[in-house]
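# Examination of the molecular architecture
Residue strings, one per chain:
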Amino acid sequence: ILACRYSKRFAALLGHNPIAVLATLLLMSYSSILKATIVPLLSTHLTYYNETHEYTRQVWLYDGSVDFFKEPKHIALGLFAILTLVFLVVPYVLLLLFGYWLQGFSNWRTLSWLNRIKPIMDAYYAPYRKDKRYWIGLLLITRVVLLAINTLGTPRIDILAISTVAAALLTLQGRVYEHRFNDVLESVSLLNLCVFPIAT
């Protein structure tokens, strides 16, 4: 995007709207980034038994040889994951959830930075009706909830949670997009998620 500002030739190679491409890439990689930041923060307990007593160790869920937040490599990985969650993932979700409402106050000095990212926000909000521009943030929050249930629950709970969340979204949805075809497409997708547990 920075190169596109200074070179028309480079801008022509990337297409007419590189900001929309960036917004799409961020949205597509959101789930992967979220999962990558949650994985280092998961732990489990290993219990060791011998003839005289037993003791328990808290270890990283994905590598039982690594003590949870006690070894330098896991501390570094865990701190990086926490910083990524706090400074990237959470602000991204909150910005998409409340961004359209906050743009109305962008003339305030504390919120003037919103004017700089308005093209990116417009790329996210363009498909939605004006009164439903929070919908994209709501969908991102449901991904957080489902990922948390997936990492902590059992397969049966996962399926039940997916169908419950999909049914709730389907009930709340109504008319969300500017084009009715997008509403139909999303409704069919949510209905598919609701019916999935019945088929399994």
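Provided above is the structure to which this section pertains.
Residues numbered from 1 in each chain as written. Predicted model: local features only at pLDDT ≥ 70, side-chain atom pairs only at ≥ 80, totals over all residues. Heavy atoms only, no water.

## Overview of the overall build of the chain
- Within the chain, the secondary structure is distributed over 8 helices and 3 strands.
- Traced from its N-terminal end to its C-terminal end, the chain shows the element sequence α-α-α-β-β-β-α-α-α-α-α.
- Overall size of the chain, expressed as C-alpha extent along the three principal axes, is 70 × 45 × 35 Å.
- Looking at the chain as a whole, 30% of its 200 residues qualify as buried.
- The long-range fraction of contacts in the chain, counting pairs at least 24 apart against all pairs at least 6 apart in sequence, stands at 52%. (Helix = DSSP H or I, 4+ residues; strand = E, 2+ residues; numbered from the N terminus. Buried < 20%, exposed > 50% of the residue type's maximum accessible area, 1.4 Å probe, protein only. Contact = heavy atoms within 4.5 Å.)

## Observations concerning the environment of isoleucine 141
- Tracing the backbone shows isoleucine 141 in helix H6 (residues 135–152).
- What makes isoleucine 141 partly exposed here is its relative accessible area of 30%.
- Through-space distance from the C-alpha of isoleucine 141 to that of leucine 95 is 12 Å; in sequence the pair is 46 residues apart.

## Some thoughts on the pairing of strand S2 (residues 54–60)
- Both strand S1 (residues 43–49) and S2 contribute to a ladder of 7 bridges, which runs antiparallel. By the bridge assignment, threonine 44 is partnered in S2 with valine 59.
- From the end of S1 to the start of S2, which pair antiparallel, there are 4 residues.
- Across 2 bridges, the pairing between S2 and strand S3 (residues 63–67) is antiparallel. (Pairing = 2+ DSSP bridges.)

## Here we look at the nonpolar core
- With 29 residues, the main nonpolar core has Tyr30, Leu34 and Leu96 as its most contacted residues.
- Put simply, the parts of the chain that give this core at least two residues each are helix H3 (18–38), helix H4 (72–103), helix H5 (118–125), H6, helix H7 (155–173) and helix H8 (180–199).
- With 7 residues, H4 is the single largest residue contributor to this core.
- Ignoring sequence-local partners within four residues, the contact set of leucine 34 consists of Leu85, Val89, Arg143, Val144 and Leu147. (Core = buried A, V, L, I, M, F, W, Y, C linked by side-chain atoms within 4.5 Å.)

## Comments concerning a nonpolar patch on the surface
- Together, Ile75, Leu79, Ile82, Leu83, Val86, Phe87 and Leu88 make up an exposed nonpolar region whose accessible area comes to about 640 Å².
- By the element assignment, phenylalanine 87 lies in helix H4. (Patch = residues over 30% accessible without salt bridge, like charges linked within 9 Å, V, L, I, M, F, W, Y side chains within 5 Å. Areas by Shrake-Rupley, 256 points an atom, 1.4 Å probe, with all protein chains shown as cover. Salt bridge = Lys/Arg side-chain N within 4 Å of Asp/Glu carboxyl O.)

## Quick notes on the sheet that holds S1
- With respect to topology, 3 strands assemble into an open sheet ordered S1-S2-S3, the strand pairing being antiparallel. Each edge of the open sheet carries a strand with a single partner, namely S1 and S3. When the angles between neighbouring strand axes are averaged without regard to direction, this sheet yields 55°. (Axes fitted to C-alpha atoms, helices over the stretch in contact; angles between N-to-C directions.)

## Concerning the packing of aromatic side chains
- Across all of its chains, the model carries 9 aromatic pairs by this definition.
- Residues tyrosine 92 and tyrosine 124 carry aromatic rings whose centres are separated by 6.0 Å and whose planes lie at 75° to one another, so their mutual orientation is edge-to-face. In this pair, tyrosine 92 is assigned in helix H4 and tyrosine 124 in helix H5, connecting sequence segments 32 residues apart. Like tyrosine 92, the residue tyrosine 124 is buried in the burial classification. (Phe/Tyr/Trp six-rings, centres within 6.5 Å; stacked < 30°, edge-to-face > 60°.)

## Comments concerning the packing of H3 against H4
- Remark: H3 packs on H4, axes separated minimally by 10 Å, with the N-to-C direction vectors making an angle of 145°. Judged by the sense of rotation from one axis to the other, the crossing of H3 with H4 is left-handed. On H4, the residues touching Leu26, Leu27, Tyr30, Ile33, Leu34 and Thr37 of H3 are Ala81, Thr84, Leu85, Val89, Tyr92 and Val93. (Left-handed = near helix turned anticlockwise from the far one by under 90°.)

## Quick notes on the side chain of lysine 132
- By the element assignment, lysine 132 lies in the loop between H5 and H6.
- The contact partners of lysine 132, leaving out residues within four places of it in the chain, are Leu172, Gln173, Arg175 and Val176.

By themselves, these are just geometric observations and shouldn't be taken as functional.
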